[in-house]
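Examination of the molecular architecture
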Amino acid sequence: ISFSGSVSSSVPDKKVAHNQRTNQPTDQPTNHTMAQFIVNPKPFLADLTGKIVRVKLKWGMEYQGTLNSSDSYMNLHMQRTEEFVDGQFAGFL
């Protein structure tokens, strides 16, 4: 089964974000790890191959399993995959 979506590997912290133009605080939480540098997604996904990942689709469903591979379109092939809908376990795929 192939899924296309986003993979997240960091948790937002509680620091206050600042508007880059005005340097004024915003109401948005920051993702401190990702805010410091830009990550190229292809090598990032290649490094995650063989590891357990959680993928969230833009429609809200989440899938957790072992990442087998990804292609140039960022389709993901996963094994031993669990599906989560609205944060609740929905079953195995």
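Look up: the structure comes first, before these words.
Conventions and cut-offs
- Residues numbered from 1 in each chain as written.
- Predicted model: local features only at pLDDT ≥ 70, side-chain atom pairs only at ≥ 80, totals over all residues.
- Heavy atoms only, no water.
- Helix = DSSP H or I, 4+ residues; strand = E, 2+ residues; numbered from the N terminus.
- Buried < 20%, exposed > 50% of the residue type's maximum accessible area, 1.4 Å probe, protein only.
- Areas by Shrake-Rupley, 256 points an atom, 1.4 Å probe, with all protein chains shown as cover.
- Salt bridge = Lys/Arg side-chain N within 4 Å of Asp/Glu carboxyl O.

Quick word on the overall build of the protein chain
For the protein chain, the count of helices and strands is two helices and eight strands. Written out in order from the N terminus, the α and β elements of the protein chain read β-β-β-β-α-α-β-β-β-β. By the burial criterion, 22% of the 93 residues in the protein chain qualify as buried. When the accessible area of the protein chain is evaluated, it comes to approximately 7,000 Å², of which 52% is carbon and sulfur surface.

Regarding the pattern of salt bridges
Counting across every chain of the model gives one salt bridge. The residue E62 makes a salt bridge to R54 at a minimum N-O spacing of 3.2 Å. Its relative accessible area of 16% is what places E62 among the buried residues. By relative accessible area, R54 is classed as partly exposed at 32%.

Observations regarding unusual backbone geometry
The phi torsion at R80 lies on the positive side, around 50°, for a residue other than glycine. By the element assignment, R80 lies in strand β7 (residues 75-85). The exposure class of R80 is exposed, given its relative accessible area of 62%. Positive phi values are uncommon outside glycine, yet D86 reaches one of about 55°. By the secondary structure assignment, D86 is in the loop between β7 and β8 (88-92). A relative accessible area of 72% means that D86 is categorised as exposed.

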